[in-house]
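Coordinate inspection notes
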Amino acid sequence: MSVPSVLVHRDADLLAKAVAARLITGLVDAQVAKGSAHLVLTGGGMGVATLAEVAATPARDAVEWPRLDIWWGDERFLPAGDPERNETGAREALLDHVDVNPARVHSVLGPDSGMTAEESADRYADELRAMSRNEDHGPVPSFDILLLGLGPDGHVASLFPGMPALYDERPVVAVHGAPKPPPTRISMTQPTIRSAREVWVIAAGEEKAGAVRLALQESGPVQVPGAGARGRLRTLFLLDRAAASKIPPGLGRPASP
Ligand SMILES: O=C1O[C@H](COP(=O)(O)O)[C@@H](O)[C@H](O)[C@H]1O
C-alpha cells in the first residue's frame, strides 16, 4: 500500500484546474500503456469542479474517451437524472461533452430500476466482476485512477465513520442511514478502493482541514474512512491551502505559488 503524497495548491479553483491537468495526463499514460483505462469518479464539490475543468481544456482531446471505462465510487440511491445523483453532476460537467462509449459508462442503478439498494449494489458488483481480468487478481478491474472527495466528517465515497459498510468485504454495498442526505446510497468498500492502482483524494476548504489531518495521520479507517483511502501504487492528497491548514508542517508540498 502506498504512502500518501500531499500536494497543496493555492485555492479551490487552481486545485480543480491542476487535478484536471493531472487526470488528463494520467489517463493518456494509462491508455498508451494498456490501450484502455478504468477511471472511478467521485461526486461532491471538488469532484464535479475537476470534471468541469477537464471539459474546459482543449487538452481533453488527448484522452481517447471511447476507450475509457467510467465507474462511480459511490452513488446516491435516487432515480436516473435526479440532480443529487453523482452521475448527473458528472454527465453535466463532462460526460455529455466528450465522446464516451455509453456501454463503458457504468452507472449505478437507482430505485427507478425497480431494484432495492441491495439488488443495485449486487448488480454493480457483478458488472465490476465481469470486467475483471485474470491479471487483476480480484473481483474488480484494476482501476487506473480512483478519485475521492473527503467529507468534513472524514467520509470517502459513501463510507461514513463507524458504519457497517466499513467492515464489509464485498466489493460494493448498500448503505442505509447515511448522515448526509440522501440516507440510502451505494458504495464501493475499502477493499475495492484499496485495490486501485492510484487513489487521489481531493479536498478544498477550511471545513475539510480536520478530516485531512486525521486521514493523513494513520487514524483507524473505521473512525476516519479517509485514512483507509490508499492506492496500491500511489496515493495523492490534492488539497488547497485551506484544506491543508492543519496538517503537520513538512508533510504537504506546495505545488502552486
Ligand atoms: O456525498 C458525497 O460526499 C462526498 C464529499 O463531497 P463534498 O461536496 O464535501 O466534497 C463525495 O466524495 C461523495 O462522492 C458523495 O456521494
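In this convention, every chain numbers its residues from 1, walking through the sequence in written order. Reporting in this predicted model follows two pLDDT cut-offs: at least 70 for local features of residues, and 80 or more for side-chain atom pairs to be given and counted; totals over whole chains, interfaces and linings ignore these cut-offs and use all residues.

Our next topic: the site of the ligand. Residues in contact with the ligand amount to 15 residues; listed here are only the nearest, Thr42, Gly43, Gly44, Gly45 and Gly149. Starting at the N terminus, helices and strands are each numbered in turn, a helix being any DSSP run of H or I of at least four residues and a strand any DSSP run of E of at least two. Mapped by element, the contributors of at least two residues to the shell around the ligand are α2 (45-56), β4 (74-76) and β5 (145-149). For the shell around the ligand, the element with the highest residue contribution is α2, accounting for 3 residues. Its residues assigned to classes, the shell around the ligand shows 3 nonpolar, 9 polar and 3 charged. Nearness between a residue and a molecule or strand is assessed with a C-beta atom placed from the backbone; a distance within 6 Å qualifies. Amino acids outside the nonpolar list (Ala, Val, Leu, Ile, Met, Phe, Trp, Tyr, Cys, Pro) and the charged list (Asp, Glu, Lys, Arg) are all regarded as polar, and Gly is one of them.

Counting buried positions along strand β8 (residues 198-203) gives 5 out of 6 residues, so the element sits mostly inside the fold. Should DSSP find at least two bridges between two strands, the strands are taken to pair. With 5 bridges connecting them, β5 and β8 associate as parallel partners. Of the residues in β8, the one forming a bridge with Ile145 is Glu198. One crossover worth recording links β8 to the parallel strand β9 (residues 234-240) by way of helix α6 (residues 209-216), and it is right-handed. Each residue is classed by its C-beta neighbour count within 10 Å, where at least 20 other C-beta atoms makes it buried, 12 or fewer makes it exposed, and intermediate counts make it partly exposed; the C-beta atoms are placed from backbone geometry. By convention, a crossover is right-handed whenever its connection, traced from the first strand over the helix to the second and viewed with the strands pointing away, goes clockwise.

Moving on, we come to helix α3 (residues 86-93). Along α3, the residues classified as buried are Asn86, Glu87, Gly89, Ala90 and Ala93. One side of α3 holds all its buried residues, which, seen down the axis, span an arc of 160 degrees. Here, residue contact means that the backbone-derived C-beta atoms of the two residues sit within 7 Å. Taken together, the buried residues of α3 touch β2 (37-41), α2, β3 (68-72) and β4. The arc in question is formed by the directions pointing from the helix axis toward the C-beta atoms.

Read from one edge of the open sheet, 7 strands run β3-β2-β5-β8-β9-β1-β10, paired in parallel fashion. Two strands lie at the open edges of the sheet, namely β3 and β10 (252-254), each paired on one side alone. Each strand of the sheet is rotated relative to its neighbour by a mean of 20 degrees, with strand direction disregarded. Orientation is described by lines fitted to C-alpha atoms, with helices fitted over the stretch in contact, and by angles between N-to-C directions that extend from 0 to 180 degrees. Sitting on the sheet, α6 touches β1 (4-9), β8 and β9, and the angle it makes with β9 is about 160 degrees.

Before going further, it helps to examine the pairing of β5. Two faces belong to every sheet, and in a regular strand the side chains alternate between them. Of all 5 residues in β5, 5 are buried; the element is thus mostly enclosed. Across the two faces of β5 the burial is the same, with Ile145, Leu147 and Gly149 and Leu146 and Leu148 all buried. As defined by bridge partners, β2 adjoins β5 across 2 bridges and the pair is classed as parallel. Paired with Val40 across the strands is Leu146, a residue of β5.

Moving on, we come to the environment of Leu39. Position of Leu39 relative to the elements: it lies in strand β2. Taking the C-beta count within 10 Å as the criterion, Leu39 has 19 such neighbours and is therefore assigned partly exposed. Note: C-alpha distance between Leu39 and Ala165 (126 residues apart in sequence) is 22 Å. For Leu39, the contacting residues outside a window of four places in its chain are Leu27, Leu68, Ile70, Asp144 and Ile145.

Okay, the packing of helix α1 (residues 12-34) against α2 next. The angle between the axes and the distance between the axes are what describe a pair of packed helices. Two numbers describe how α1 lies on α2: the axes approach to 8 Å, and their chain directions differ by 60 degrees. Remark: the crossing between α1 and α2 carries right-handed chirality. Between α1, through Ala12, Leu15, Ala16, Lys17, Val19, Ala20, Leu23 and Ile24, and α2, the contact on the second element is made entirely by Met46, Ala49, Thr50, Glu53 and Val54. Here the contact of α1 with α2 is composed, by residue class, of 10 nonpolar, 1 polar and 2 charged. Working rule for handedness: look at the near helix, and if it is turned counterclockwise from the far one by less than a right angle, call the crossing left-handed; if clockwise, right-handed.

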